[in-house]
2 protein chains.
Amino acid sequence: MEKVYVCGVGATPISEHWEFSLRDLMVEAASRALNDSKLSKKDIEAVYIGNMSSGVLQGQEHLGSLFTTWFGIPGVSAQKCEAACASGGVAFHQAFLAVASGVYDCVLALGVEKMSDANTYDVTSALIMADDQDYVAFTGVSFVGLNALIYRRYMEKFNVKQEDIALFAVHDHKYAVNNPLAQYRKAITIDTVLNSPVVADPIRLLECAPIGDGAAAILLCSEDLVKKIEKDNVIEVVGSAAATDILSLHNRKDLVTLNATKIAVRKALQMANIEIKDVDIVELHDAFTILGVIHLEDLGFAKKGEGWKLVKEGEIEKDGKIPVNMMGGLKARGHPVGATGIYEIIDLVTQLRGEAGKNQVDDAEIGLAQNVGGVGGTVTVNILKRIR
Amino acid sequence: MEKVYVCGVGATPISEHWEFSLRDLMVEAASRALNDSKLSKKDIEAVYIGNMSSGVLQGQEHLGSLFTTWFGIPGVSAQKCEAACASGGVAFHQAFLAVASGVYDCVLALGVEKMSDANTYDVTSALIMADDQDYVAFTGVSFVGLNALIYRRYMEKFNVKQEDIALFAVHDHKYAVNNPLAQYRKAITIDTVLNSPVVADPIRLLECAPIGDGAAAILLCSEDLVKKIEKDNVIEVVGSAAATDILSLHNRKDLVTLNATKIAVRKALQMANIEIKDVDIVELHDAFTILGVIHLEDLGFAKKGEGWKLVKEGEIEKDGKIPVNMMGGLKARGHPVGATGIYEIIDLVTQLRGEAGKNQVDDAEIGLAQNVGGVGGTVTVNILKRIR
């Protein structure tokens, strides 16, 4: 296996981008990543695009060729990677493998989703395609509804109050204030969260990641190339793994554990040859507050049923034991589905480079990003390390 | 780069499978591939699923977890790969890279498409998503219409008659007769083709690949694993490449050359360290008769404007200079879009193993499969070699 390095990152702000199309967002993110690197367009040999719903929302498939055409690099290998909300994470994993194989020296991992101008299906219908259409989606349950089942079960099983779980949203908003790319740069209080409307009982509106548009891009390169461009702040991808779980909740033994997280984190740590306690900073996929809590447990930072304590006790803050979602997380940075996995890794890179401004965690050297598709049907874990 | 071997193949017949769902087809193909190998389910470490339109046709995304769930291997890494009609080819390329990287020892490349029971969009609308929605598809042009432009231009530029191009369909049907998986196992004459209805002038109905359902699966494994299972007929993937071109015809300089084919075949041959003349047998993506002719040229078997001569002079027959589409090609074996690239490679494997019965090409040792997405926006070329 060849070593793999991050040599450039770039992303659009997450917002309702009425003025930009799907292709515009991709081109903008890729341009920013290229500008951030010391590479030029002709160095790019392959492109992996994480996207979930361009077919149903824009009537557009074949994003690979669409992107290479509009970015001005036709010829280059390109494809779309889909695993619901983990599409960005699997695209990154693929880009990683492409460089690790030695076949490619420079690969672009891109994620994009445009959700605010959906015209053919509405976004709720598009998102539930992450679960089983024939046995789950057809009932009319929404994606929020499925997560509400997890939430209710968690509260009952571990006797935890909603106000302790909902704190995750307050946490995310606090840090998004200082992230120029974040969708909601505004602090909120726990009262605001708990008084917001119920979307699917018990989930409140402000416990849900918003709908938004965005694209994010990361250039990965081989050891040969990274030596050639002599970049400061070299960051290596030391671990990369993807795992699946049984697609739908009704077939699982345990509603409050995502097995795919446990498998993916084990594999990624093994590849990185580190333990979870060695990780300095985490980006996790808190599409709903309850998921943030559960991920802390499944990743190995807390015992089952006790993840909420880390939040309540300030341990996921900038100066806490394990800083989490330092750029606003899914709730406040935003969650343009297929792009989220890439945004998470860019947020890690920003921290590992020491470029996170007011949100900078001291001495962040190893970062871990977890990206989740469906209700945990797919999970990716990627681990990055600053090596100089 | 680690070496990569084919250790099992399997596919469903291509048909209108009203009795099977998308997941059933995937599970059936994967089961057949597993039975063909000496491996068991627990050996599979990652899955790449080529599929174009499950979102718009079945309201189902997240095929990775859907498949691992229903095949009984939850946990395993899995994702969907999409590049329009080249989705199968890019899934195979990814599976190849995953094993080549050394990260995975056993990977399943799967392709699936279910087109005959489309309920949300009709298939014509789904297929045109392979081209540019905002600048091409919105005009109402169909995918056949775009290929008709290529066809007309070719006939005019090289002064070739339709009856010489349409022969490709006769060729495919002749060989499909002996393929138990083929959708149309019936020989046809050139008169039948030329008297069939016009779909988009000049393309006749029997010059078009049909719509159908099917799934196909290939198990790829590392050198360590292939040694362990001591399989006869070991087949190595010696070359694998993907390339893109400008997405839409109106932006290209030349309508009758697919640049992505030229790039992909050059790269794949280079990796395999062979020349095109070393290839013994070819599967190419003749979604329309004219494409078969053009591919022969772009792959390097004929000069530009002269591909049709190979067909007319019998050079692509079983005993010809370069046997092509020996199991019926897209026209008669069938073209379940995202599965086609995998079917093509399976057809090569059948030949390289000497298991093609009446269609067997003598001493076939090196095979090449070309898979095309859109009007050449993406092309993959994979080269397989029997090494014992």
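For the coordinates displayed, the defined rule picks out 36 salt bridges over all chains. Between Lys174(A) and Glu317(A) there is a salt bridge, with its nearest N and O atoms 2.8 Å apart. One end of the pair, Lys174(A), is in helix H8 (residues 167-176); the other, Glu317(A), is in the loop between helix H13 (307-312) and helix H14 (329-333), with 143 residues separating them in the sequence. For Lys174(A), a relative accessible area of 43% corresponds to the partly exposed category. Glu317(A) gets classed as buried once you look at its relative accessible area, which sits at 16%. Lys309(A) serves as the salt-bridge partner of Glu306(A), at 3.8 Å between the closest nitrogen and oxygen. Residue classification places Glu306(A) among the partly exposed residues on the basis of a relative accessible area of 31%. Exposure remark for Lys309(A): the relative accessible area of 30% places this residue in the partly exposed category. Salt bridges linked by common partners bring Arg23(A), Asp132(B) and Asp134(B) together as one network.

This part is about the relation of the copies chain B and chain A. The two chain copies are related to each other by a rotation about an axis together with a translation along it. With an axial shift of 0.0 Å and an RMSD of 0.0 Å, the rotation relating chain B to chain A amounts to 180°. Classification of the inter-copy transformation places it as that of a two-fold axis. Looking at the rotation axis and the C-alpha trace of chain B, the residue lying nearest is Ser101(B), at 1.7 Å. Mapped onto chain A, 100% of the interface residues of chain B again fall at the interface, so both copies present the same surface.

Attention now goes to the packing of helix H6 (residues 143-158) of chain B against helix H12 (residues 289-298) of chain B. Helix packing geometry: the angle between the two helix axes and the distance between the axes. Residue and element names in this part refer to chain B. It is the contact of H6 with H12, at a shortest axis distance of 9 Å, that shows an interaxial angle of 60°. Relative to H12, the element H6 lies oblique. Crossing handedness for the pair H6 and H12: left-handed. Where H6 approaches H12, its residues Asn147, Ile150, Tyr151 and Tyr154 are matched on the opposing element by Thr289, Ile290, Leu291, Val293, Ile294 and Glu297. Looking at the contact of H6 with H12 residue by residue, the classes come out as seven nonpolar, two polar and one charged.

By the definition in use, this model includes eight aromatic pairs over all chains. For the cation-ring pair, Arg23(A) lies above Trp70(A), with the distance from its terminal atom to the ring centre recorded as 4.6 Å. The ring of Phe71(B) is capped by Lys41(B), whose NZ or CZ atom sits 4.6 Å from the centre of that ring.

All names here are of chain B. In this model, helix H1 (residues 22-36) (15 residues) spans 22 Å end to end at C-alpha, consistent with the 21 Å of a helix rising 1.5 Å per residue. Those residues of H1 lying buried are Leu22, Arg23, Leu25, Met26, Ala29, Ala30, Ala33 and Leu34. The arc enclosing the buried residues of H1, seen along the axis, measures out at 165°, which places them on a common side. Those residues of H1 that are buried are in contact with strand S1 (4-11), strand S2 (46-50), helix H2 (54-58), helix H3 (63-71), strand S4 (106-113) and strand S7 (214-222).

Contacts between the two partners involve 62 residues from chain B and, on the opposite side, 62 residues from chain A. When the two sides are added together, the surface that chain B and chain A hide from each other amounts to roughly 4700 Å², 50% of it contributed by carbon and sulfur. Across the chain B-chain A interface, the total number found is four salt bridges. Asp132(A) is paired through a salt bridge with Arg23(B); the nearest N and O atoms lie 2.6 Å apart.

Our focus in this paragraph is the confidence of the model for chain A. Here chain A shows a mean pLDDT of 97. Residues at 70 or above account for 99%. Interface predicted TM-score (ipTM) for the complex: 0.98; the corresponding pTM is 0.98.

By size, the foremost hydrophobic cluster in this structure holds 155 residues, and its most contacted members are Ile383(A) and Ile383(B). The residues touching Ile383(B), leaving out its near neighbours within four places in the chain, are Glu236(B), Val237(B), Val238(B), Gly239(B), Ala268(B), Leu269(B), Ala272(B), Ile274(B), Ile366(B), Gly367(B) and Leu368(B). Among the nonpolar cores identified, the runner-up in size contains 85 residues, and Ile342(A), Ala109(B), Ala216(B) and Val361(B) belong to it.

For the bond running from Asp201(A) to Pro202(A), omega is 10°, close enough to zero to count as cis. Mapping Pro202(A) onto the fold places it in the loop between strand S5 (198-200) and strand S6 (203-204). Here the phi dihedral of Ala84(B) falls at roughly 55°; this positive angle occurs in a residue that is not glycine. Among the secondary structure elements, Ala84(B) is positioned in the loop between strand S3 (77-82) and helix H4 (87-100). What makes Ala84(B) buried here is its relative accessible area of 0%. Despite not being glycine, Asn159(B) shows a phi value in the positive range, around 55°. Along the chain, Asn159(B) turns up in the loop between H6 and helix H7 (162-165). On the basis of relative accessibility, which here comes to 71%, the residue Asn159(B) falls in the exposed class.

The next point concerns the pairing of strand S7 (residues 214-222) of chain A. All names here are of chain A. Extensive coverage of S7 is indicated by the burial of nine of its nine residues. The side-chain alternation of S7 yields two buried faces, one formed by Gly214, Ala216, Ile218, Leu220 and Ser222 and the other by Ala215, Ala217, Leu219 and Cys221. Judged from the seven bridges that link them, strand S1 (residues 4-11) and S7 form a sheet pairing that is antiparallel. Each bridged residue has a counterpart across the sheet, and for alanine 11 the counterpart in S7 is alanine 216. Note that strand S4 (residues 106-113) and S7 share eight bridges and pair antiparallel. Looking across to S7, one finds that leucine 110 is bridged to alanine 217.

Reading the values: the criteria
Residues numbered from 1 in each chain as written. Chains lettered and ligands numbered in written order. Predicted model: local features only at pLDDT ≥ 70, side-chain atom pairs only at ≥ 80, totals over all residues. Heavy atoms only, no water. Salt bridge = Lys/Arg side-chain N within 4 Å of Asp/Glu carboxyl O. Helix = DSSP H or I, 4+ residues; strand = E, 2+ residues; numbered from the N terminus. Buried < 20%, exposed > 50% of the residue type's maximum accessible area, 1.4 Å probe, protein only. Least-squares fit on C-alpha atoms with pLDDT ≥ 70 in both. Contact = heavy atoms within 4.5 Å. Axes fitted to C-alpha atoms, helices over the stretch in contact; angles between N-to-C directions. Parallel < 35°, antiparallel > 145°, perpendicular 65-115°, else oblique. Left-handed = near helix turned anticlockwise from the far one by under 90°. Nonpolar A, V, L, I, M, F, W, Y, C, P; charged D, E, K, R; others polar. Phe/Tyr/Trp six-rings, centres within 6.5 Å; stacked < 30°, edge-to-face > 60°. Lys NZ or Arg CZ within 6 Å of the ring centre and 35° of its normal. Expected span 1.5 Å × (residues − 1). Arc of directions from axis to C-beta. Buried area = accessible area lost by both parts, 1.4 Å probe. pLDDT = per-residue confidence, 0-100. Core = buried A, V, L, I, M, F, W, Y, C linked by side-chain atoms within 4.5 Å. Pairing = 2+ DSSP bridges.

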